[in-house]
Amino acid sequence: MTNETGAPLLDVSGVTLRYKTPGALITATERVSFAVNRSDRFVLLGPSGCGKSTLLKAVGGYLKPSEGSITILGRKVMEPGPDRMMVFQEFDQLLPWKTVLENVMFPLLDARNLSRKEAEEKARHYIDKVSLTRALHSYPHTLSGGMKQRVAIARGMAMEPDILLMDEPFAALDALTRRTCQDELLQLWEETRFTVMFVTHSINEAIKIGNRILLLSPHPGRVKAEVVDVDTASPTDGSAGQLEKEIHDMLFSQEEAH
Amino acid sequence: MSSKARIVMRPLEDAGSGEVERELSFLEKAWDNSGVRKVAIILALALIWELYGRWTDNALLFPPLSDTFAALIDNIRSGVLPARAWTSLKILLMGYAAGIVMAGILTIAAINTRLGSDFLETMTAMLSPLPAIALLPLALLWFGLGNGSLVFILIHSVLWPVALNTHSGFRAVSTTLRMVGRNYGLKGFAFIRKILIPAAFPSILAGLKIGWAFAWRTLVAAELVFGVSSGQGGLGWFIFENRNLLEIPSVFAGLLTVILIGLIVENLIFRTIERRTVLRWGLQS
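Description of the structure in this document.

Remarks on the overall build of chain B
The helix and strand inventory of chain B stands at 12 helices and 0 strands. Reading chain B from its N end, one meets helices and strands in the order α-α-α-α-α-α-α-α-α-α-α-α. For a compact globule of 285 residues, the expected C-alpha radius of gyration is about 19 Å, and chain B comes in at 27 Å, more than 25% above that figure. Along the longest, intermediate and shortest principal axes, the C-alpha atoms of chain B span 100 × 60 × 30 Å. Only carbon and sulfur atoms are counted for the fraction: they give 66% of the accessible area of chain B, which is about 17,000 Å². With 25 positive and 18 negative side-chain charges, chain B shows a separation of 15 Å between the mean positions of the two kinds.

Have a look at this one:
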């Protein structure tokens, strides 16, 4: 699956997204462009109303841009598909009628057409990676929020998609669990170097997770800036804190102005 | 005076007995079981029935429970009651199955098109308050004195509650679950079968239960009204016939059979399905 070197994995160019509410046509994002390379941890960051989740859903294929185009490995994104696995914020994203193992296996069987044996092997491997082997045969309603999100991540990763799309997956977790989940995600990335696009409204989380951060301004969502080489910011020498402050000032300076 | 934050330990012996868990006695445990409590209620009612029956001493109006049981056993031995029950059940299953299939078709049309949804909503609003038995005279006119009429009114009593519940169940499936399904590339009928039906299963099951109860009542009532069809009547006919013969214990035996079949279906079949599905999945507690 090698592309021409240099060509991005995901290319979003000039994308305007609009959706209808009863009585109004809302512009969520306007002419947004960015490119995600292989093994990027690409974070979309911005205050509420900047269209970051809408943008992620457009990459997921759930809504069509009214302007511009989204291509992944040269293919135009037309509809949802298992090459772009989603991890949602909501805890009810697991199928409640399937156990943890069955939940992870289901897309492998259904969309990847693996044999039961292969699917189970792969599912067990990734469930082990998020350290949930003890909950293998539990139904989702018996799991805590953090465990559910980890199953969803395992399910996404087991599919080995071109890109993993995460829509504020840790936003509904308590602070301690959130930190554990962030650390685990980074650990998993170290091991497999998957490509992930991550939406968050927490500057701190963006710096921790991402190697690149796209800053969006609200109403309508526009690209304001991109933070690169986020990896070099370290929490120990205070450079991460410094970066966090800079990003914060940048995102909220205008808000106060008007 | 101290100004530093510190931890003050508490001596442990001040606390209570330290008992965390005490096993309940056998009687306490038994009384916590709803099954035990319900059986106790049934036994008490049976006792009242028996005593009242003996006290009135009028087998034509209110035979005691023991006479009813004797009649029940006699009728089962002679094979009359099982044959009548089977006749009823056969027609019931036919109507029930046909009603469910039609409800499925209507609901699938309703979730896929706006017009289908409007159609379903209008039809259920108009027809579900209409008692099925009220359609019997018309049904007899159209389908004659046979099973056709019975199946027709059974479909009417099953179709609307099942379709209504299934449809509202489908609509209540969360956006997230729908998006997950589409993420897997599921579309059309596969999406309905693999995502919508299991996700809406609590509502579907509730619809099936209501449909069953409606159908059962409708059938017994219909048999009472027009009785025997093609030489073999059902349970309703059994009750009617015995009343005409003034075999009142047998009338009660017929009623008991209706109750028993209802209980068996509710407690064995639907309970088992519930336990294996919605309860295990945590969709219902």
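Next comes the rest of the description.
Side note on the pattern of salt bridges
Applying the stated criterion across every chain yields a total of 21 salt bridges over all chains. Notably, a salt bridge pairs Glu121 of chain B with Arg171 of chain B, separated by 3.2 Å at the nearest N-O pair. In this pair, Glu121 of chain B is assigned in helix α5 (residues 114–127) and Arg171 of chain B in helix α7 (residues 147–171), connecting sequence segments 50 residues apart. Relative accessible area serves as the criterion here: at 36%, Glu121 of chain B is assigned to the partly exposed category. What you see here is one network of salt bridges that share partners, running through Arg75, Asp83, Arg84 and Asp162 of chain A.

Observations regarding unusual backbone geometry
Residues and elements named next belong to chain A. Following His219, the chain continues into Pro220 via a peptide bond in cis, with omega recorded as -15 degrees. Its identity is not glycine, yet Ser39 carries a phi of approximately 65 degrees, on the positive side. Inspection of the secondary structure assignment puts Ser39 in the loop between β2 (24–36) and β3 (41–45). One non-glycine residue with positive phi stands out, namely His219, at about 55 degrees. Within the secondary structure, His219 is located in the loop between β9 (212–217) and β10 (222–227). The class for His219 is exposed, based on a relative accessible area of 65%.

A word on the sheet that holds β9 of chain A
Residues and elements named next belong to chain A. One open sheet accounts for 6 strands, arranged β6-β7-β8-β3-β9-β10; its pairing is mixed. At either end of the open sheet lies a strand with only one pairing partner, and these are β6 (84–87) and β10. Sheet twist, expressed as the average angle between the axes of neighbouring strands with direction ignored, equals 20 degrees. As defined by bridge partners, β6 adjoins strand β7 (residues 163–167) across 4 bridges and the pair is classed as parallel. Bridge pairing links Met85 to Leu164 in β7. Contacts from helix α1 (residues 52–60) reach β3, β6, β7, β8 (196–200) and β9, with the element oriented near 150 degrees to β7.

A closer look at the environment of Asn242 of chain B
In this fold, Asn242 of chain B is placed in helix α11 (residues 235–244). Setting aside residues up to four positions removed in sequence, Asn242 of chain B forms contacts with Glu247, Ser250 and Val251 of chain B.

Here's the deal with the pairing of strand β1 (residues 10–21) of chain A
Residue and element names in this part refer to chain A. Of the strand pairs in this sheet, β1 and β2 are connected by 9 bridges, and their pairing is antiparallel. Opposite Lys20, over in β2, you have Leu25 as the bridge partner. Here β1 folds back onto β2, and the loop between the two strands holds 2 residues, one of which, Gly23, carries a positive phi near 100 degrees. Note that β1 and strand β4 (residues 67–72) share 5 bridges and pair antiparallel. Bridged to Ser13 within β4 is Ser69.

A short note on a nonpolar patch on the surface
All names here are of chain B. Residues Ile259, Leu260, Leu263, Ile264, Leu268, Ile269 and Ile273 make up a contiguous nonpolar surface patch of roughly 600 Å² in combined accessible area. Within the secondary structure, Ile273 sits in helix α12 (residues 248–279). For Ile273, a relative accessible area of 30% puts it in the partly exposed group.

Regarding the sheet that holds β4 of chain A
Residues and elements named next belong to chain A. The 4 strands lie next to each other as β2-β1-β4-β5, forming an open sheet whose pairing is antiparallel. Each edge of the sheet is formed by a strand with only one pairing partner; in this case those strands are β2 and β5 (75–76). For β4 and β5, the ladder comprises 2 bridges, and the chain directions are antiparallel. Looking across to β5, one finds that Ile72 is bridged to Arg75. Across the sheet, α1 touches β1, β2 and β4, and the angle it forms with β1 is around 110 degrees.

With respect to the nonpolar core
All names here are of chain A. Formed by 150 residues in total, the largest nonpolar core has its most connected members in Leu10, Phe34, Leu44, Leu45, Met197, Ile213 and Ile247. Two domains each donate at least three residues to this core, and these are domain 1 (37–83 + 162–258) and domain 2 (93–160). Among residues more than four places away in sequence, those in contact with Ile247 are Leu45, Ile203, Ile207, Ile213, Leu215 and Val227.

As for the interface of chain B and chain A
Contact residues are listed per partner, giving 20 residues for chain B and 25 residues for chain A. Taken together, both faces of the contact between chain B and chain A bury some 2,000 Å²; the carbon and sulfur share is 63%. Summed over the three residues of chain B that lose the most area to chain A, namely Met179, Asn183 and Tyr184 of chain B, the buried surface amounts to 35% of that side. Across the chain B-chain A interface, the total number found is 2 salt bridges. In this structure, Asp110 of chain A and Lys194 of chain B form a salt bridge, with 2.4 Å as the shortest nitrogen-oxygen distance.

Things to note about the packing of aromatic side chains
By the definition in use, this model includes 15 aromatic pairs over all chains. Ring centres of Phe170 of chain A and Phe198 of chain A lie 5.9 Å apart, and the angle between their planes is 50 degrees; on these two criteria the pair is classed as tilted. Here Phe198 of chain A lies in strand β8 and Phe170 of chain A lies in the loop between β7 and α5 (175–192), a separation of 28 residues in the sequence. Residue classification places Phe198 of chain A among the buried positions, given a relative accessible area of 1%. Taking the centre distance of 5.2 Å and the plane angle of 35 degrees together, the rings of Phe143 of chain B and Phe152 of chain B count as tilted.

Some remarks on the layout of surface pockets
All names here are of chain B. Reported here for the largest pocket is a volume of approximately 350 Å³. Contributions of two or more residues to the lining of the largest pocket are made by α2 (34–56), α3 (65–77) and α12. Looking at the lining of the largest pocket residue by residue, the classes come out as 11 nonpolar, no polar and no charged.

Considerations on the environment of Gly233 of chain B
Along the chain, Gly233 of chain B turns up in the loop between α10 (201–226) and α11. Once the C-alpha coordinates of Gly233 of chain B and Arg84 of chain B are considered, the two residues, 149 residues apart in sequence, prove to be 6.1 Å apart.

What counts and what doesn't
Residues numbered from 1 in each chain as written. Chains lettered and ligands numbered in written order. Predicted model: local features only at pLDDT ≥ 70, side-chain atom pairs only at ≥ 80, totals over all residues. Heavy atoms only, no water. Helix = DSSP H or I, 4+ residues; strand = E, 2+ residues; numbered from the N terminus. Rg over C-alpha atoms; globule rule 2.2 N^0.38 Å. Areas by Shrake-Rupley, 256 points an atom, 1.4 Å probe, with all protein chains shown as cover. Lys, Arg positive; Asp, Glu negative; His and termini not counted. Charge placed at Lys NZ, Arg CZ, Asp CG, Glu CD. Salt bridge = Lys/Arg side-chain N within 4 Å of Asp/Glu carboxyl O. Buried < 20%, exposed > 50% of the residue type's maximum accessible area, 1.4 Å probe, protein only. Pairing = 2+ DSSP bridges. Axes fitted to C-alpha atoms, helices over the stretch in contact; angles between N-to-C directions. Contact = heavy atoms within 4.5 Å. Patch = residues over 30% accessible without salt bridge, like charges linked within 9 Å, V, L, I, M, F, W, Y side chains within 5 Å. Core = buried A, V, L, I, M, F, W, Y, C linked by side-chain atoms within 4.5 Å. Domains from an automatic or database assignment. Buried area = accessible area lost by both parts, 1.4 Å probe. Phe/Tyr/Trp six-rings, centres within 6.5 Å; stacked < 30°, edge-to-face > 60°. 1 Å grid on protein atoms, 1.4 Å probe; cavity = no way out; pocket = protein on both sides within 12 Å on 5 of 7 lines; lining within 4 Å. Points joined across faces, edges and corners; volume = space filled by probe spheres on them. Nonpolar A, V, L, I, M, F, W, Y, C, P; charged D, E, K, R; others polar.

This is a description of form; function is not addressed.
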